[in-house]
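Examination of the molecular architecture
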Amino acid sequence: MGVDLHLHSTASDGTVPPELVPSAAHAAGIHVMALTDHDTIAGVSAATASGHEIGVRVIAGCEFSVAAWWGELHLLGYFLPLDDADLEAFLVRQRKDREGRITEILTRLANGGVHIKFDAVLAEAKTGSLGRPHVARAMVNAGIVGSVSEAFDRFLADGKPGFVPRQLVDVTYVVDLVRRLGGVTSAAHLKDRGTRTNLTRLREIGVDAVEVQHPAHDARVSSRLHQDASDLGMLMTGGSDWHGAENPRRVTLGAVDVPYAWLQKIENVHRERAA
Ligand code: AMP
Ligand code: FE
Ligand code: FE
Ligand code: ZN
């Protein structure tokens, strides 16, 4: 049974609407998927409903951007309730912050002679959670760059002229919130940040799992994370971080190997916590 626990849709910066992600997953041999859009759960109910029709189980997820001791951390939350007022209020604030940051990015770009209107970015994101990829797509549309990757490489990546850091909420806040709601958290695509020291501290603050399998993790990184997670008694997750077929990173949905047993373990934690 194919499992992919990290997928995006147009509810954030993916290119495929949430109701069409399950059929893409099904075509890739995936029967259990988590929709993990950036700072939103707005796509989950549509994905769940269409998944139900074709036999794809959809787990309610979210990829939270939070502050860790080294800088930005992406924290995956799973088994989230869709009707919790505290969670929604928090996510609304996060998305407001994303909007403010995009405005600042556009100001920086304008100071450098690159003029993109906020409405042009909004036209890309529609009602979705705003992100730099929407700015990048607006820049492609305006003919300023030839591709989304070029927009990041020249303007939007950390250290480039249009980069604006976010004022992120501390990781402990989101860990506590998700746990209180019966959910489970996993530290996403840690790459070289996934040191034993960092994993130990993440475990201490209540992070349940480590995203071991991810396209940014080569065999060496994932086997090290696997070893450290098991030594530390942390659970494991994995996913393709697919953003749609036209995404510049061209990852394949379902391309990473996520054992069904990993899902069962995080689900058991959720069941105990929610009881
Ligand atoms: P933001 O959430 O606004 O900080 O934007 C981060 C998102 O941009 C990530 O989730 C990716 O989807 C995308 N992204 C980050 N770096 C790149 C890159 N170099 N090329 C293409 N997309 C990228
Ligand atoms: Fe993204
Ligand atoms: Fe991420
Ligand atoms: Zn992601």
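It should be emphasised that the depicted structure is a prediction, and the values quoted were computed from it without experimental measurement. The residue numbering used here restarts from 1 in each chain and proceeds along that chain's sequence as written. The order in which chains are written sets their letters, starting at A; the order in which ligands are written sets their numbers, starting at 1. Predicted model: local features are reported for residues with pLDDT of at least 70 only, side-chain atom pairs are reported and counted for 80 or more only, and whole-chain, interface and lining totals are derived from all residues. Side-chain metrics in this entry use all non-hydrogen atoms of the structure; hydrogen atoms and water are not considered.

For Na, K and Ca the donor cutoff is 3.2 Å, while for all other metals N, O and S atoms count as donors only within 2.8 Å; water does not appear among the atoms, so some sites may look incomplete. Taken together, His 6 (NE2), His 8 (NE2), Glu 63 (OE) and Asp 241 (OD) make up the protein donors of the zinc ion (ligand 4), found 2.0 to 2.2 Å from the metal. Read from N- to C-terminus, the donor residues coordinating the zinc ion (ligand 4) fall into the pattern H-x1-H-x54-E-x177-D. Between the two metals, the zinc ion (ligand 4) and the iron ion (ligand 2), the spacing is 4.7 Å. With a gap of 55 residues between them, His 8 in the loop between strand E1 (2-7) and helix H1 (21-27) and Glu 63 in strand E3 (residues 57-68) connect regions that are remote in the sequence. Glu 63 carries the same exposure label as His 8, and that label is buried. To qualify as a helix, a DSSP run of H or I must reach at least 4 residues; to qualify as a strand, a run of E must reach at least 2; elements of each kind are numbered from the N terminus. Only protein chains enter the accessibility calculation, which uses a 1.4 Å probe; a residue is then buried when its area is under 20% of its type maximum, exposed when over 50%, and partly exposed in between.

The next thing to look at is the sheet that holds strand E4 (residues 71-78). Sheet architecture is open: seven strands sit in the order E1-E2-E3-E4-E5-E6-E7, paired in mixed fashion. Each edge of the open sheet carries a strand with a single partner, namely E1 and strand E7 (235-238). Shown here is a sheet whose adjacent strand axes are inclined to one another by a mean of 35°, direction ignored. Strand pairing is defined by DSSP finding a minimum of two bridges between the two strands. Two strands pair when backbone bridges link them, and E3 and E4 are joined in this way by eight bridges, in the antiparallel orientation. To get an axis, a line is fitted to the C-alpha atoms, and for a helix only the part in contact is used. The angle between two axes follows their N-to-C directions and goes from 0 to 180 degrees.

Surrounding the iron ion (ligand 2) are the protein donor atoms Asp 13 (OD), His 38 (NE2) and His 243 (NE2), which sit 2.1 to 2.2 Å from the metal. Of note, the iron ion (ligand 2) draws all its donor residues from one chain, in the sequence arrangement D-x24-H-x204-H. Between the iron ion (ligand 2) and the iron ion (ligand 3), a spacing of 5.7 Å is present. Of the two residues, Asp 13 sits in the loop between E1 and H1 while His 243 sits in the loop between E7 and helix H10 (260-274), which places them 230 residues apart along the sequence.

Another aspect to go through is helix H9 (residues 219-232). By definition here, a helix of n residues has an expected span of 1.5 Å times n minus one. For H9, built from 14 residues, the straight-helix expectation of 20 Å at 1.5 Å per residue is met to within 8% by its first-to-last C-alpha distance of 20 Å. Considered for burial, the residues of H9 that qualify are Val 221, Ser 222, Leu 225, Asp 228, Ala 229 and Leu 232. What you see down the axis of H9 is that its buried residues fit within an arc of 130°, all on one side. Facing away from the buried side of H9, by more than 90 degrees, are the exposed residues Ala 219 and Arg 220. We call two residues in contact when some of their heavy atoms are within 4.5 Å. Buried residues along H9 sit against helix H8 (196-204), strand E6 (209-213) and E7. As used here, the arc belongs to the directions running from the helix axis to the C-beta atoms.

Next up on the list: the site of ligand 1. As a structural note, the neighbourhood of ligand 1 is formed by Asp 13, His 38, Arg 98, Arg 101, Gly 131, Arg 132, Pro 133, Phe 152, His 243, Pro 248 and Arg 249. Take Asp 13: an N or O atom from its side chain is 3.0 Å from an oxygen atom of ligand 1. Between N or O atoms, a polar contact is any pair within 3.5 Å; within protein, one atom must be a potential hydrogen donor and the other a potential acceptor, and residues adjacent in sequence are included only when both atoms are from side chains. Within the contact set of ligand 1, an oxygen atom lies 2.9 Å away from a side-chain nitrogen or oxygen of His 38. Against a free-state accessible area of 500 Å², the protein chains account for coverage of 86% of ligand 1. Counting atoms within 2 Å of the grid points, the majority share of ligand 1 lands in the largest pocket. Of all the secondary-structure elements, those providing two or more residues to the shell around ligand 1 are helix H3 (85-111) and helix H5 (132-141). Note on terminology: near, applied to a residue and a molecule or strand, indicates that one of the residue's heavy atoms is within 4 Å of it. Residue burial considers only the protein chains on display, and all accessible areas are found by Shrake-Rupley using a 1.4 Å probe. Definitions used throughout: a 1 Å grid over protein atoms alone; a cavity as a set of points that fits a 1.4 Å probe which cannot get out; a pocket as an open set with protein on both sides within 12 Å along at least five of seven lines; a lining residue as one with an atom within 4 Å of a point. Placement in a cavity or pocket follows one criterion, namely that more than half of the molecule's atoms lie within 2 Å of its grid points.

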